[in-house]
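# Coordinate inspection notes
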Amino acid sequence: MTIGREQIAKIGKLIPRLASDHDGEVVATARAIIRTLGAAGADLHDLVAALDRPALDRIVYRDRPVQQSPRCADQLEPLCRGDVLKLARFLLHKCRLPDKEAGFVAFVIRTALAGGDDDQVWLTEKQQKWFVDLVHKHNAMERAA
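Bear in mind that the values here come from a model prediction, so they are computed numbers and not experimental data. (Residues numbered from 1 in each chain as written. Predicted model: local features only at pLDDT ≥ 70, side-chain atom pairs only at ≥ 80, totals over all residues. Heavy atoms only, no water.)

## Let's talk about the nonpolar core
Core analysis: the largest hydrophobic core is formed by 20 residues, its most contacted members being Val84, Leu91, Val105 and Phe131. Broken down by secondary-structure element, the contributors of at least two residues to this core are helix 4 (81–94), helix 5 (99–113) and helix 6 (125–137). By residue number, the principal contributor to this core is helix 4, which donates 6 residues. Not counting residues within four places of it along the chain, the set of residues in contact with Phe131 comprises Leu79, Val84, Leu87, Ala88, Leu91, Phe104 and Val108. The next biggest cluster of nonpolar side chains, apart from the first, holds 8 residues, and it includes Ile3, Ile11, Ile33 and Leu37. (Core = buried A, V, L, I, M, F, W, Y, C linked by side-chain atoms within 4.5 Å. Buried < 20%, exposed > 50% of the residue type's maximum accessible area, 1.4 Å probe, protein only. Helix = DSSP H or I, 4+ residues; strand = E, 2+ residues; numbered from the N terminus. Contact = heavy atoms within 4.5 Å.)

This is the structure in structure tokens:
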């Protein structure tokens, strides 16, 4: 028998009451747990079986840097490390960026400095678009030259 989320939540609130120093409260709590299980068509054996099952792992998906061929239509070309560092430092030090944008530009600088042997900076499409938009918004290419 499967115990529903609602019953699990209710039992989760009841179980700590089993640690009471008052015997009557412990018995009443045990009876409340049994009634809650009975309403779901389950019993204490089903509760133990549910506790015995392994927990499910949660899978979290994150954006991965684009490292495939830049010739695909939906991908942007990698950025040159020297240009990225020059523009990002200009944006960070010469433009008044809101905290969120300043944090992002600092992230881009760290990413560029931590890059591999090649002279390219790989960002996700979303990150690269945001960086290029910031460069255009603040005319950083013309002003940094």
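## So, the packing of aromatic side chains
Evaluation of the coordinates by the stated rule reveals 2 aromatic pairs. On the numbers, 4.1 Å between centres and 15° between planes, the contact of Phe104 with Trp130 is stacked. Note that Phe104 is positioned in helix 5 and Trp130 in helix 6, a separation of 26 residues in sequence. Residue classification places Trp130 among the partly exposed positions, given a relative accessible area of 29%. Connected via pairs of aromatic rings, a cluster forms that spans Phe104, Phe107 and Trp130. (Phe/Tyr/Trp six-rings, centres within 6.5 Å; stacked < 30°, edge-to-face > 60°.)

## Digging into the environment of Ala32
Relative to the assigned elements, Ala32 resides in helix 2 (residues 23–39). It is 7.7 Å that separates the C-alpha atoms of Ala32 and Leu14, two residues lying 18 residues apart in sequence.

## Points about the packing of helix 4 against helix 5
Relative to each other, helix 4 and helix 5 sit at 150°, their axes nearing to 9 Å. By the angle between their axes, helix 4 is roughly antiparallel relative to helix 5. Helix 5 is crossed by helix 4, and the crossing has left-handed handedness. Residue-level inspection shows Arg81, Val84, Leu85, Ala88, Arg89, Leu91 and Leu92 of helix 4 in contact with helix 5, the latter providing Ala102, Val105, Ala106, Val108, Ile109, Ala112 and Leu113. Class assignment of the residues belonging to the contact of helix 4 with helix 5 gives a composition of 12 nonpolar, no polar and 2 charged. (Axes fitted to C-alpha atoms, helices over the stretch in contact; angles between N-to-C directions. Parallel < 35°, antiparallel > 145°, perpendicular 65-115°, else oblique. Left-handed = near helix turned anticlockwise from the far one by under 90°. Nonpolar A, V, L, I, M, F, W, Y, C, P; charged D, E, K, R; others polar.)

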